[in-house]
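# Examining the three-dimensional arrangement
Next come the chains, spelled out residue by residue.
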Amino acid sequence: MRTCNLLLTAVLLASVSAAAQQPSAQPPAPDATQTAPSSQPAAAATDQPAPAAQATSAPPQAAQPAPATAVPLPPQPAAAPAPTTMDQVVTLFIEREHGLIKVLTNRTPVVETYLQNLVADPQLGPVPSEDHYFLGRMDMGETVDRKDYLKEQETSMQSRLLGGFHKLYKVQYQPLGFSWMVYADRTDFDREHYDFRYARREFLGDVRCLVFDVTPKPKSGRGRFLGRVWVEDQGFNIVRLNGTYQSSVHNTYFFHMDSWRLNLIPGYWVPAYIYSEEGDFSAGVKNKTAFKAQTRIWGYDLKKGGKDDELTQIRVDSVTDESASAQDASPLQAERVWQQQAEDNVVERLTNAGLLAPEGDLDRILQTVVNNLEVTNNIDLPRPVRTRVLLTAPLETFSVGNTIVISKGLVDVLPDEASLAAVLSHELAHIVLGHNLGSKYAFNDRMLFDDDSTYQNLGFKHIPEEEAAADKKALELLKNSPYAQKLDNVGLFLRALQQRAPQLSALLTTHLGNSFEENGTITRLSGLDTQGPALDNNKLDQIAALPLGGRVKINPWDDKAEMVKASPVAITSARDKMPFEVTPFFPRLVRYGTGVAAPAAAPTTAAAAAPSSGN
Ligand SMILES: [Zn+2]
């Protein structure tokens, strides 16, 4: 019975009634491979502190010291003799696939899916009609399980949205669905259930691959993987899967997916990105179900959640660390130390829950922008302002103490540095005005909760009066700053967001900070929303907002964030703009330890690495 449920969760049901239909024999466990994010591979290789590159003469195992992992890295697979036939290659990658499944069984990564339903627009092509967001932790053990971070929201969404597709998607997703999509077939990926046919060689990024078509054998059961796998030609690991699951069950269908893996640890390529898409907008098509979805997996190195873990994280000495002075603190000093303790607690807790990237290169870019605002406004704070990146897609910023947090999704869609400065200036304004919300989190008992209830236990939403005051102050900061002459772009961004707001309620639903909108109207940075020229889709040089996923890449193993280095591609039609939209992943794959050299030094100016389009 359980297997039956698992099967169904992997299926996008066209009808809930189909759930009653049991797969005849073996429940096919579709193991989808992950799609690697288009920009990730380099990050994976570069971000490892392990001095693998220097230790060229050492055996591979010794050369790759484990990063500071919560769970020890798996031992590298033993090297197999080089295959001489494609048949031997098949044997090897089947073996390696089972090896991967085994080493990931004790991992509980974060899994995020952002989905946009699509409708055809005569000028812009398929555009979002509504969106959905899912975030949780996935247990990759034998008993696949997941815990959702957004329990309340999912419930309310379920009751609020009656759209058939949404309901179906929930049936597919909520229990376990995407857990299956990380592998082609979790239980039966073998020659008894599949035929493998060599197709060709192909490079994916820097990695030479052998491509195989995979088809389920007749009567091997429903829900078997049908598609193509790319196998790298050194360790013979699957690095990409593209296809669907075969189903003959009436009223059900499996959606198509393109799943990428990254070589984030020695010897293994781990699931990182899955792109799913359905929909046919050609004339006369009756099935109106159309969507695009990006699933990202990260936080492989996170500890398993649980109260026991949290108890070990209480830091009763964090106050004394801060006050090395021999004197007692004055009341104001005590207040500041208290606030910093709260700030540190929150930052640490969010990082441990897999929601915040560790401090890294991207923060230095963000801090440069904040610094530009501070210097030109003569802001001198007792403690420096820090920035951190929230790893999630919904557009949000918040601040706790002197730390400004901005979501990955928001950095992605901002068209230029001035827009980045604008959204940061709102939070800097809160800090300058003393709107600190977090001090209650200096009490460590308030940090004792399970990861999946983070959103129920933390919140940094200001009252409307403080929001208005922060917007007013932000405008003042911007007008004195190097960004003063570029605020037209900020206005364009806000209008583009307003234009899409009714269709993007999930992207605009914040989980920790204030929303950009209120009752369908964008309220953030009011005063700038009317600045600049009118939105014009036909002006190809007017880029008001970018698609999701184009700016920030996350290392799914250690959660480090960095800016994507992709060369700009010329826009040739209004359809190329895709503001706030979901696109396929196409990462440049690299082998572990061969990626970019050492992490580059922080840019001296934000302009060097920050958003450049539109300027
Ligand atoms: Zn605010």
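Notes on the structure follow. (Residues numbered from 1 in each chain as written. Predicted model: local features only at pLDDT ≥ 70, side-chain atom pairs only at ≥ 80, totals over all residues. Heavy atoms only, no water.)

## Some thoughts on the pattern of salt bridges
If you walk through the whole model with that rule in mind, you get 24 salt bridges. Two residues, aspartate 451 and arginine 137, come together in a salt bridge whose shortest N-O distance is 2.7 Å. Remark: arginine 137 occurs in strand 3 (residues 125-139) and aspartate 451 occurs in the loop between helix 13 (417-432) and helix 14 (454-457); sequence separation between them is 314 residues. Residue arginine 364 is joined to aspartate 361 by a salt bridge in which the shortest nitrogen-to-oxygen separation is 2.5 Å. One end of the pair, arginine 364, and the other, aspartate 361, are both in helix 11 (residues 361-376), three residues apart, so they sit about a helical turn from each other. (Salt bridge = Lys/Arg side-chain N within 4 Å of Asp/Glu carboxyl O. Helix = DSSP H or I, 4+ residues; strand = E, 2+ residues; numbered from the N terminus.)

## What to know about the packing of aromatic side chains
According to the stated counting rule, one finds 15 aromatic pairs in the structure shown. Look at tyrosine 300 and tryptophan 557: their rings are 5.5 Å apart centre to centre, the planes differ by 10°, and that puts the pair in the stacked class. Taken together, the positions of tyrosine 300 in the loop between strand 12 (291-298) and helix 8 (307-311) and tryptophan 557 in the loop between strand 18 (552-554) and strand 19 (561-563) put the pair 257 residues apart, joining distant regions of the chain. We note that tyrosine 300, like tryptophan 557, is buried. (Phe/Tyr/Trp six-rings, centres within 6.5 Å; stacked < 30°, edge-to-face > 60°. Buried < 20%, exposed > 50% of the residue type's maximum accessible area, 1.4 Å probe, protein only.)

## Observations regarding the sheet that holds strand 13 (residues 386-390)
Taken in spatial order, the three strands line up as 13-15-14 in an open sheet, and their pairing is mixed. In this open sheet, the two edge strands, each paired with only one partner strand, are strand 13 and strand 14 (397-400). Taken over all neighbouring pairs, the strand axes of this sheet differ in orientation by 25° on average, direction set aside. Relative to strand 15 (residues 403-407), strand 14 is paired through four bridges, and the arrangement is antiparallel. Along strand 15, the bridge assignment pairs threonine 397 with isoleucine 406. Together, strand 13, strand 14 and strand 15 form the strand contacts of helix 10 (residues 331-352), whose direction differs from that of strand 13 by roughly 25°. Against the sheet, helix 13 touches strand 14 and strand 15, its axis set at about 145° to strand 15. (Pairing = 2+ DSSP bridges. Axes fitted to C-alpha atoms, helices over the stretch in contact; angles between N-to-C directions. Contact = heavy atoms within 4.5 Å.)

## Re the environment of proline 482
Along the chain, proline 482 turns up in the loop between helix 15 (464-479) and helix 16 (487-500). Overall, proline 482 belongs to the partly exposed group, its relative accessible area being 46%. Along the sequence, proline 482 and valine 369 sit 113 residues apart, while their C-alpha atoms lie 9.7 Å from each other.

## Regarding the side chain of threonine 583
With respect to the helices and strands, the residue threonine 583 is situated in the loop between strand 19 and helix 17 (606-609). Among all residues touching threonine 583, those that are not within four sequence positions of it are Tyr275, Gln294, Pro547, Leu548 and Met578.

## Quick look at empty space enclosed by the protein
Counted under the stated rule, the structure contains six cavities of 30 Å³ or more. A volume near 60 Å³ is recorded for the second largest cavity. Along the walls of the second largest cavity sit Glu112, Tyr114, Gln294, Arg296, Ala393, Lys408, Gly409, Asp412, Leu548 and Gly549, which together make up its complete lining. Taken together, the elements giving at least two residues each to the lining of the second largest cavity come down to strand 2 (110-121), strand 12 and helix 12 (408-413). With three residues, helix 12 is the largest single contributor of residues to the lining of the second largest cavity. Among the residues making up the lining of the second largest cavity, the classes are represented as three nonpolar, three polar and four charged. (1 Å grid on protein atoms, 1.4 Å probe; cavity = no way out; pocket = protein on both sides within 12 Å on 5 of 7 lines; lining within 4 Å. Points joined across faces, edges and corners; volume = space filled by probe spheres on them. Nonpolar A, V, L, I, M, F, W, Y, C, P; charged D, E, K, R; others polar.)

## What about helix 13?
With 16 residues, helix 13 extends 21 Å from end C-alpha to end C-alpha; this agrees with the ideal 22 Å at 1.5 Å per step. Along helix 13, the sharpest kink reaches roughly 25°, centred on serine 425. Two residues or fewer after helix 13 comes glycine 434, characterised by a positive phi angle close to 75°. (Expected span 1.5 Å × (residues − 1). Bend = angle between axes of the 7 residues up to and from the residue.)

## Details of the pairing of strand 11 (residues 268-278)
Along strand 11, 10 of the 11 residues are buried, which leaves the element largely enclosed by surrounding structure. Across eight bridges, the pairing between strand 10 (residues 256-265) and strand 11 is antiparallel. From the neighbouring strand, histidine 256 faces strand 11, where its bridge partner is glutamate 277. Linking strand 10 to strand 11, which pair antiparallel, is a turn of two residues; within it glycine 267 sits at a positive phi near 90°. Summarising the sheet, strand 11 and strand 12 pair through six bridges and their orientation is antiparallel. What sits directly across from tyrosine 273, in strand 12, is arginine 296.

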